[in-house]
Amino acid sequence: MAKARKNGLYTGISEELSALMRTGWADTERHDLTPDPQAPYAARRRAALSARFPGERLVIPSGNLKARSNDDTYPFRPYSGYVHMTGDQARDGALVLEPRADGGHDAYCYQLPRDARDNDEFWSGYTAELWMGRRHSLAEAETVLGLPCRDVRTAAADLAAAAGTVPTRIVRGVDPALEAAVTTDEDRDDELEEVLSELRLIKDEWEIGEMRRAVDSTVRGFTDAVGELSRAVETSERWIDGTFYRRARLEGNSVGYGSICAAGDHATIMHWTTNDGPVRPGELLLFDAGVETTTLYTADVTRTLPISGTFSDVQRRVYDAVYEAQEAGMATVKPGAAYRDFHEAAQRHLAARLVEWGFIEGPAERAYELGLQRRFTMAGTGHMLGLDVHDCAHARNEEYVDGVLEPGMVLTVEPGLYFQPDDLTVPEEWRGIGVRIEDDLLVTEDGHENLSAALPRSSAEVEAWMARVAG
Ligand code: GLY
Ligand code: MN
Ligand code: MN
């Protein structure tokens with residue numbers, strides 16, 4: 001008898017059961033698969049990566065399952081750099097670029113192959129295919145990815161054996177076993193992650209299509225959520241959260257980040273994802289959410305809605321100031337503009353309003369130079385968007401925040417004003433109000449396209465939208 005699992009109801013596996021389980025299985029190898037449409041794009045991305053590191057071995061793992069408790073695991077989400085370079089989403093994988101003498105690289109991909117049926121693990125191990133779903137065979141993965149594939153169970157030994165032949169870099173923090181198998185330098189590994197981030201700054205045509213799909217699903221999710229506002233008033237912020245999540249799961253992989261369903265003064269908490277508060281008429285709902293596509297590209301959109309259908313005077317003053325700041329920011333987004341331009345335009349506008357309202361000391365330009373508006377604006381005004389909600393986060397400053405906009409970049413413009421409930425420097429009526437408006441912009445050849453323009457934005461449009469939904 002094999003050793004029984006602790007607290008399992010079966011005391012063990014008899015020889016007879018073990019033998020029975022090993023026999024009688026059909027050959028289910030798939031011969032109908034075709035290459036992933038993303039494969040040629042991924043090949044071009046790998047060529048760009050290869051050109052940056054001649055003569056060096058590069059290892060880009062996908063990551064492993066993480067235990068939630070005992071034999072339960074968190075949903076697996078691969079490392080975005082691996083997804084970008086392969087189009088693959090498998091766990092326990094790794095892309096290797098092996099240097100050639102001519103300065104280029106041969107790419108191959110380590111994969112966890114299908115479970116053999118000559119032992120008990122294939123049906124008794126909780127991470128086995130029979131418990132978690134079928135994987136590709138190595139031959140199937142080769143067809144789909146357009147890459148030679150190898151068995152990942154020999155990857156650590158292969159990499160250890162090849163150590164010293166050529167300099168190696170690995171993306172750290174993704175797969176501890178592979179990391180332990182190579183000898184690399186932390187600073188040089190960081191450079192690999194920088195380059196992987198920078199290669200995502202400009203989206204290719206296929207990625208732009210996926211960004212559109214992410215935003216379009218997100219628009220449908222917002223429409224669902226607004227339609228369910230009366231149910232949220234009867235229940236809580238969770239109703240909004242669940243309504244959007246259903247759309248995200250139906251059309252995509254999931255949400256691209258924890259949805260922020262922030263009613264009342266929760267709107268002043270930047271990352272309010274607990275979403276367990278009441279939704280009260282008369283207050284605002286700041287709703288920030290994005291669908292992540294099945295290919296793992298995410299949108300990131302915010303609308304701030306008057307729960308009763310109309311803004312109060314103070315709410316409208318705040319809302320319109322944020323709207324104007326967003327307009328000023330978006331107007332700067334075009335090729336050749338400094339990345340910082342949209343941030344500066346929006347922040348200048350908000351600083352001027354805050355001075356006008358008497359909440360910070362003027363003149364407005366001095367307040368802006370000193371950053372005094374930040375008491376109420378808190379965050380930056382946007383970020384790159386793509387496979388990660390805060391995409392390209394490891395890019396060097398000169399390529400990103402100190403860089404210049406180019407066609408194919410996708411970024412958010414999301415100014416906001418947040419008056420904390422305990423802020424004694426503003427009149428009581430303003431306390432607990434938080435407003436953000438966030439859209440996803442594609443930089444085009446001659447300006448930009450607002451991918452999320454289908455959602456109403458101005459205060460009048462938002463009120464008309466709410467009235468239509470309320471019927
Ligand atoms: N939802 C996160 C952000 O807006 O950056
Ligand atoms: Mn957001
Ligand atoms: Mn954002």
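Figured I'd write up the structure that's included with this text.

## With respect to the coordination of the manganese ion (ligand 2)
Phase 1: Protein coordination at the manganese ion (ligand 2): the donors are Asp288 (OD), Asp288 (OD), Asp300 (OD) and Glu438 (OE), at 2.0 to 2.3 Å from the metal.
Phase 2: Coordination geometry of the manganese ion (ligand 2): the 6 donor atoms subtend angles of 57 to 170 degrees at the metal centre, consistent with an arrangement described as irregular.
Phase 3: Between consecutive donor residues of the manganese ion (ligand 2), the sequence gaps follow D-x11-D-x137-E.
Phase 4: Metal-to-metal, the separation of the manganese ion (ligand 2) and the manganese ion (ligand 3) is 3.3 Å; Asp300 coordinates the two. Of this pair, Asp300 sits in the loop between β11 (291-292) and β12 (301-306) while Glu438 sits in the loop between β15 (434-436) and β16 (439-443), placing them 138 residues apart in sequence. We note that Asp300, like Glu438, is buried.

## Describing the coordination of the manganese ion (ligand 3)
Phase 1: On the protein side, the manganese ion (ligand 3) has Asp300 (OD), His383 (NE2), Glu414 (OE) and Glu438 (OE) as donor atoms, found 2.1 Å from it.
Phase 2: One can describe the site at the manganese ion (ligand 3) as irregular: its 6 donor atoms subtend angles covering 52 to 156 degrees at the metal.
Phase 3: All donor residues of the manganese ion (ligand 3) come from one chain, and their arrangement in sequence is D-x82-H-x30-E-x23-E.

## A word on the nonpolar core
Phase 1: One finds Phe287, Leu417 and Phe419 to be the most contacted residues of the largest nonpolar core, which totals 65 residues.
Phase 2: Ranked by residue count, the leading element in this core is helix α10 (residues 205-227), at 9 residues.
Phase 3: With residues up to four places along the chain from it excluded, the contact list for Phe287 reads Phe222, Ala225, Ile240, Phe244, Ile260, Cys261, Val301, Thr302 and Arg303.
Phase 4: Ranked by size, the runner-up nonpolar core spans 22 residues in total, among them Leu33, Tyr79, Tyr82 and Leu145.

## Re the pattern of salt bridges
Phase 1: Enumeration according to the criterion identifies 42 salt bridges in this entry.
Phase 2: For Glu56, the salt bridge goes to Arg169, with nearest N and O atoms at 2.7 Å. Here Arg169 lies in strand β7 (residues 168-170) and Glu56 lies in the loop between α2 (39-52) and β1 (57-61), a separation of 113 residues in the sequence.
Phase 3: Since its relative accessible area comes to 11%, Glu56 is described here as buried.
Phase 4: Residue Arg169 is classed as buried on the basis of its relative accessible area, which comes to 5%.
Phase 5: Between Arg188 and Glu56 there is a salt bridge, with the nearest N and O atoms lying 3.0 Å from each other. Of this pair, Arg188 sits in helix α9 (residues 186-198) while Glu56 sits in the loop between α2 and β1, and the two are 132 residues apart along the sequence.
Phase 6: We classify Arg188 as partly exposed; its relative accessible area is 27%.
Phase 7: Among the charged side chains, a network of salt bridges with common partners joins Arg52, Glu194, Glu198, Arg396, Glu398 and Glu399.

So, how was this worked out
Residues numbered from 1 in each chain as written. Chains lettered and ligands numbered in written order. Predicted model: local features only at pLDDT ≥ 70, side-chain atom pairs only at ≥ 80, totals over all residues. Heavy atoms only, no water. Donors = N, O, S within 2.8 Å, 3.2 Å for Na, K, Ca; no water. Tetrahedral: all angles 85-135°; square planar, octahedral: opposite > 155°, others 65-115°. Helix = DSSP H or I, 4+ residues; strand = E, 2+ residues; numbered from the N terminus. Buried < 20%, exposed > 50% of the residue type's maximum accessible area, 1.4 Å probe, protein only. Core = buried A, V, L, I, M, F, W, Y, C linked by side-chain atoms within 4.5 Å. Contact = heavy atoms within 4.5 Å. Salt bridge = Lys/Arg side-chain N within 4 Å of Asp/Glu carboxyl O.

That is the geometry; function is a separate question.
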